[in-house]
Number of protein chains: 2
Amino acid sequence: MQPTFRKIVIFGAGLIGGSFALALRKAGAVGEVVGFGRSQSTLDEAKRLGILDRIGSDVASEVCDADLVLLATPVAQMREIFARIAPHLGAQTLVTDGGSTKCDVVAAARGNLGDKLAQFVPAHPIAGAEKSGASAAMPDLYLGKKVVLAPLPENSRQSVARVRQAWESCGAVVSELTPEEHDGVFAAVSHLPHLLSFALVHDLAQRENKDLLLSFAASGFRDFTRIAASSPEMWRDISLANRDALLQEVKRYADELYVIHQALQNNDAAKLEEIFSLAREVRSTWTQQ
Amino acid sequence: MQPTFRKIVIFGAGLIGGSFALALRKAGAVGEVVGFGRSQSTLDEAKRLGILDRIGSDVASEVCDADLVLLATPVAQMREIFARIAPHLGAQTLVTDGGSTKCDVVAAARGNLGDKLAQFVPAHPIAGAEKSGASAAMPDLYLGKKVVLAPLPENSRQSVARVRQAWESCGAVVSELTPEEHDGVFAAVSHLPHLLSFALVHDLAQRENKDLLLSFAASGFRDFTRIAASSPEMWRDISLANRDALLQEVKRYADELYVIHQALQNNDAAKLEEIFSLAREVRSTWTQQ
């Protein structure tokens, strides 16, 4: 039986791209996997680990007959890749990505894919791990994890269905949002909390008595600030990539904080309890899906 | 051999008071434990569980010959208890407490203990558990945990040493801060993070699309908001009890947030990376003590 995807091409053979290839292999859904990337050592390792069948040398000849191209590089590199592949994409070749912001990736695609735009179905796999690189890739990374597709108005239903099929073959639970919805949702539930956690630790870090303060920090602080140990470069890029939605969220949050400040200032016990109670009710009934 | 504390009296036989009694018993450091409290059923249960030897009926006759009195009620009830015990405290009877704020408890003591003030050595055990009540009490609750003493200028060195001995007998690691230092430290590393976590969830909870938002929340959100499931009543009381220090912290944090907002607004990648990097460095080298 022919595999669902005869040939896929991966740009970036690290955790996201490598795991995608391994998952499709495990599902028997892919024939050949060809990889491109900036780091020769990552590509060599990916080949050694069985992620890649071949390391590509000529983009044009590889993407012209591929069934699917995955962009799994940092988002900042995608613009250039769109430009490189656009002239050579086969008529049946679909493109998807693994970027954690969507409006900026869509803008890069619109600016560089030309008349191949309809072949690009944006995606965001909500999966990560402490480690990165080809050696961290694993076939089960996406198993039971969410992947958000953010289709374009130009996409055909057939193209969206086929990209969905690829991610579902990796074991992911796929849902769809518009790129704008996607960025708004993740600004609120992921990007803002990261910013707030960085902000708290940064504020403490600048104080003369920071060692005293940190010596009395306990489990509440530990959990609240866990995400402040995340990669500064990655979060700088995500923050700027999703700048507009994130600025709105920061503004909203500052307003919320002002309300609490006023309640405290006015010794308004009822207001504080009302705010804390609604938060507790919502948080304690929430379960991670 | 005589136990270190021949007789102790506990106001509030729940998690904090009950564990204190059980720990001293386990250490062989206490003779008799007498309890008072608002809830007869808690007292009955504490007696049944071996926390109390007797349920007290007359405060005057119990506190006049006690070695140590522990106030382990909500902070809001301590003012009244200080007033009740003041006229009857024996000359050798020491008093300590388990409140999580200190300036307000000290103010209540100053206003109500009269010439017995020097006998009160304020304390804050940094220990808690998911559960509360007498049934949650355990002899090892304080083992290896921090207890902050916040001595008054009026305390004799001897009195401070003896109260320290009681908490150390429970297995705690005791340190000393002034009441003002204590409240400043905990506003920064505990009370502010709780407020910020409540604020984030409360903001999301009020939105029309809150179910959509929460369906995409993941492990970063989970950890950041764990403390937003804390008791609204308790955190209302702590926030108001430590209002002045907490207002300062909220103000500082709002300033910090404004700096980040401006960096984002100005697309200042270097500034964002600088902030995130310092936070990451401090958070990733911090270990809970």
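Bear in mind that the values here come from a model prediction, so they are computed numbers and not experimental data.

Here is what the cut-offs are and how they apply
Residues numbered from 1 in each chain as written. Chains lettered and ligands numbered in written order. Predicted model: local features only at pLDDT ≥ 70, side-chain atom pairs only at ≥ 80, totals over all residues. Helix = DSSP H or I, 4+ residues; strand = E, 2+ residues; numbered from the N terminus. Expected span 1.5 Å × (residues − 1). Buried ≥ 20, exposed ≤ 12 C-beta atoms within 10 Å, placed from the backbone. Contact = placed C-beta atoms within 7 Å. Axes fitted to C-alpha atoms, helices over the stretch in contact; angles between N-to-C directions. Parallel < 35°, antiparallel > 145°, perpendicular 65-115°, else oblique. Nonpolar A, V, L, I, M, F, W, Y, C, P; charged D, E, K, R; others polar. Pairing = 2+ DSSP bridges. Least-squares fit on C-alpha atoms with pLDDT ≥ 70 in both. Core = buried A, V, L, I, M, F, W, Y, C linked by C-beta atoms within 7 Å. Right-handed = clockwise from strand over helix to strand, strands pointing away. Domains from an automatic or database assignment. Left-handed = near helix turned anticlockwise from the far one by under 90°. pLDDT = per-residue confidence, 0-100. Bend = angle between axes of the 7 residues up to and from the residue.

### Quick word on helix H11 (residues 243-265) of chain A
Reasoning step 1: In this model H11(A) runs 32 Å from its N-terminal to its C-terminal C-alpha over 23 residues, within 8% of the 33 Å that 1.5 Å per residue would give.
Reasoning step 2: All of the buried residues along H11(A) are A:Ala245, A:Leu246, A:Glu249, A:Val250, A:Tyr253, A:Leu257, A:Ile260, A:Ala263 and A:Leu264.
Reasoning step 3: Tucked inside the fold, the buried residues of H11(A) contact helix H7 (179-205), helix H10 (232-241) and helix H12 (269-285) of chain A together with helix H7 (179-205), helix H10 (232-241) and helix H11 (243-265) of chain B.
Reasoning step 4: Positive phi shows up at A:Asn267, right after H11(A), with a value of about 50°.

### Focus on the packing of H12(A) against H7(B)
Reasoning step 1: Relative orientation of the contacting elements H12(A) and H7(B) amounts to 75°, with a least axis distance of 8 Å. Considering the angle they form, H12(A) stands roughly perpendicular to H7(B). For the pair H12(A) and H7(B), contact is made by A:Ile275, A:Phe276, A:Leu278, A:Ala279, A:Val282 and A:Arg283 and by B:Phe198, B:Val201, B:His202 and B:Ala205, respectively.
Reasoning step 2: Residues belonging to the contact of H12(A) with H7(B) are distributed by class as follows: eight nonpolar, one polar and one charged.

### Points about the sheet that holds strand S8 (residues 173-176) of chain B
Residue and element names in this part refer to chain B.
Reasoning step 1: One open sheet holds the three strands; their spatial order is S6-S7-S8, and the pairing between them is mixed. Pairing within the sheet leaves two strands with one partner each, and these edge strands are strand S6 (123-125) and S8. Direction aside, neighbouring strands of the sheet carry axes that sit 20° apart on average.
Reasoning step 2: Two elements, strand S7 (residues 146-149) and S8, share four bridges in a ladder whose sense is parallel. Bridge pairing in S8 places valine 147 opposite valine 174.

### What to know about the relation of the copies chain B and chain A
Reasoning step 1: Once turned by 180° and shifted 0.0 Å along the axis, chain B lies on chain A with an RMSD of 0.1 Å. Such a combination of rotation and displacement between the chain copies is what one expects of a two-fold axis. Scanning chain B for the C-alpha nearest the rotation axis identifies B:Phe224, at a separation of 2.1 Å.

### Quick word on unusual backbone geometry
Reasoning step 1: One non-glycine residue with positive phi stands out, namely A:Asn267, at about 50°.
Reasoning step 2: The residue A:Asn267 is located in the loop between H11 and H12 in this model.

### Quick look at the interface of chain B and chain A
Reasoning step 1: Contacts between the two partners involve 73 residues from chain B and, on the opposite side, 73 residues from chain A.
Reasoning step 2: Among the secondary structure elements, those contributing two or more residues to the side of chain B that touches chain A are H7, helix H8 (210-215), helix H9 (219-224), H10, H11 and helix H12 (269-285) of chain B.
Reasoning step 3: With 18 residues, the single largest contributor to the side of chain B that touches chain A is H7(B).
Reasoning step 4: Here the side of chain B that touches chain A is built from residues that sort into 44 nonpolar, 16 polar and 13 charged.

### Considering the environment of B:Ser175
Residue and element names in this part refer to chain B.
Reasoning step 1: By the secondary structure assignment, serine 175 is in strand S8.
Reasoning step 2: Residue class for serine 175 comes out partly exposed when judged on the 15 C-beta atoms lying within 10 Å of it.
Reasoning step 3: It is 5.0 Å that separates the C-alpha atoms of serine 175 and valine 148, two residues lying 27 residues apart in sequence.
Reasoning step 4: For serine 175, the residues in contact, after removing those within four places along its chain, are Lys146 and Val148.

### A closer look at the sheet that holds strand S5 (residues 94-97) of chain B
Residues and elements named next belong to chain B.
Reasoning step 1: Taken in spatial order, the five strands line up as S3-S2-S1-S4-S5 in an open sheet, and their pairing is parallel. This sheet does not close on itself; its edge strands, each paired only once, are strand S3 (54-55) and S5.
Reasoning step 2: Examined bridge by bridge, strand S1 (residues 5-11) and strand S2 (residues 30-36) share six bridges and lie parallel to one another. Looking at S2, one finds that phenylalanine 5 is bridged to valine 30.

### A short note on the nonpolar core
Reasoning step 1: Grouped together as the largest cluster of nonpolar side chains are 188 residues, with contacts concentrated most on A:Ile8, A:Ile10, B:Ile8 and B:Ile10.
Reasoning step 2: When sequence neighbours within four positions are dropped, the list of residues in contact with B:Ile10 reads B:Gly17, B:Phe20, B:Ala21, B:Val33, B:Gly35, B:Leu70 and B:Ala72.

### A look at the environment of A:Arg84
Reasoning step 1: Tracing the backbone through its elements, the reader meets A:Arg84 in helix H4 (residues 78-85).
Reasoning step 2: Along the chain, A:Arg84 and A:Asn112 lie 28 residues apart, while their C-alpha atoms are 8.6 Å from each other.

### Description of the pairing of strand S5 (residues 94-97) of chain A
Sheet faces and side chains relate simply in a regular strand, where the side chains alternate between the two faces.
Residue and element names in this part refer to chain A.
Reasoning step 1: Burial along S5 is two-sided: the face carrying Leu94 and Thr96 and the face carrying Val95 and Asp97 are both buried.
Reasoning step 2: Bridge count between strand S4 (residues 68-71) and S5: four bridges; the pairing is parallel. By the bridge assignment, valine 69 is partnered in S5 with valine 95.
Reasoning step 3: A crossover links S4 with its parallel partner S5, the connecting element being H4, and its sense is right-handed.

### Focus: the domain arrangement of chain A
Residue and element names in this part refer to chain A.
Reasoning step 1: Domain boundaries in chain A define domain 1 (5-177) and domain 2 (182-285).
Reasoning step 2: If you average the C-alpha positions of domain 1 and of domain 2, the two centres end up 33 Å apart.
Reasoning step 3: Counting residues at the interface gives twelve residues for domain 1 and seven residues for domain 2.
Reasoning step 4: Of the residues contributing to the side of domain 1 that touches domain 2, the split by class is seven nonpolar, three polar and two charged.

### A few points about the packing of H4(A) against helix H5 (residues 103-112) of chain A
For any two helices packed against each other, one specifies the inter-axial angle together with the distance between the axes.
All names here are of chain A.
Reasoning step 1: Contact pair H4 / H5: the axes reach a minimum separation of 9 Å and the direction vectors enclose 30°. In this view, H4 runs roughly parallel relative to H5, as classed from their interaxial angle. For H4 against H5, the interelement crossing comes out right-handed. Across the interface between the two elements, Met78, Arg79, Phe82 and Ala83 from H4 touch Val105, Ala108, Ala109 and Asn112 from H5.
Reasoning step 2: Residue classes in the contact of H4 with H5 are distributed as six nonpolar, one polar and one charged.

### Observations regarding the environment of A:Tyr258
Reasoning step 1: Here A:Tyr258 is to be found in helix H11.
Reasoning step 2: The spacing of A:Tyr258 and A:Lys7 is 251 residues in sequence and 55 Å in space, taken between C-alpha atoms.

### Some remarks on the confidence of the model for chain A
Any segment with low pLDDT has predicted coordinates that should not be analysed in fine detail.
Reasoning step 1: Here chain A shows a mean pLDDT of 96. Residues at 70 or above account for 99%.
Reasoning step 2: Here the complex is predicted with pTM 0.90, and the ipTM for its interfaces comes to 0.90.

### So, H7(A)
Residue and element names in this part refer to chain A.
Reasoning step 1: Across its 27 residues, H7 extends 36 Å between first and last C-alpha, which sits within 8% of the 39 Å expected from 1.5 Å per residue.
Reasoning step 2: Its maximal kink placed at alanine 187, H7 deviates by approximately 50°.
Reasoning step 3: H7 sits mainly inside the fold: 24 of its 27 residues count as buried.

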